[in-house]
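# Architecture at a glance
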Amino acid sequence: MEIALAGEGTVTVAELDTSWFLHNAPGAALLSGRSGDADWAPLLPRTAVLPDTRHRFVLTPATPITHVRLDVYPDGGVARLRLFGTFTERGRADLGRRWSR
């Protein structure tokens, strides 16, 4: 799954929720980020996850990103992916321009 963020920023916490997926949950997850057309850089290495659980991962802020990719192994159910972080000045300005139109 690939997600475009609202604006450029740094992600500090990721929440991966496998609630309600008891027999079809993934065994592991990997989270990557990139800015523009750059190569994907790991935000969270391949990490084991449990079924029917809300997982919270504290990430080390890396370079600012605009897109996030979630890979699960093997394919399985994910109820929700939440990302928490802060906008960069550029990301905040871009978002302000889009809202002021």
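Presented here is an overview of the structure given in this document. (Residues numbered from 1 in each chain as written. Predicted model: local features only at pLDDT ≥ 70, side-chain atom pairs only at ≥ 80, totals over all residues. Heavy atoms only, no water.)

## Considering the overall build of the chain
Regarding its fold elements, the chain presents one helix and six strands. Sequence-ordered secondary structure for the chain, helices as α and strands as β, is β-β-β-β-β-β-α. If one aligns the C-alpha atoms of the chain with their principal axes, the spans along those axes are about 45 × 25 × 20 Å. Sequence separation of 24 or more characterises 78% of the internal contacts of the chain that already satisfy a separation of 6 or more. Here the chain displays about 6,400 Å² of accessible surface, and carbon together with sulfur accounts for 55% of that area. Of the side chains in the chain, 12 bear a positive and 11 a negative charge, and the two mean positions are spaced by 6 Å. (Helix = DSSP H or I, 4+ residues; strand = E, 2+ residues; numbered from the N terminus. Contact = heavy atoms within 4.5 Å. Areas by Shrake-Rupley, 256 points an atom, 1.4 Å probe, with all protein chains shown as cover. Lys, Arg positive; Asp, Glu negative; His and termini not counted. Charge placed at Lys NZ, Arg CZ, Asp CG, Glu CD.)

## A short note on the pattern of salt bridges
A pair can form between side chains of opposite charge whenever their charged atoms are brought close. Taken as a whole, this structure holds nine salt bridges when the rule is applied. A salt bridge links Arg54 to Glu15, with the shortest nitrogen-to-oxygen separation between them at 3.8 Å. Of this pair, Arg54 sits in strand β4 (residues 54-58) while Glu15 sits in strand β1 (residues 2-17); the two residues are 39 residues apart in sequence, bridging distant segments of the chain. Residue Glu15 is classed as buried on the basis of its relative accessible area of 3%. Salt bridges linked by common partners bring Glu15, Asp17, Arg54, Arg56, Arg80 and Arg82 together as one network. (Salt bridge = Lys/Arg side-chain N within 4 Å of Asp/Glu carboxyl O. Buried < 20%, exposed > 50% of the residue type's maximum accessible area, 1.4 Å probe, protein only.)

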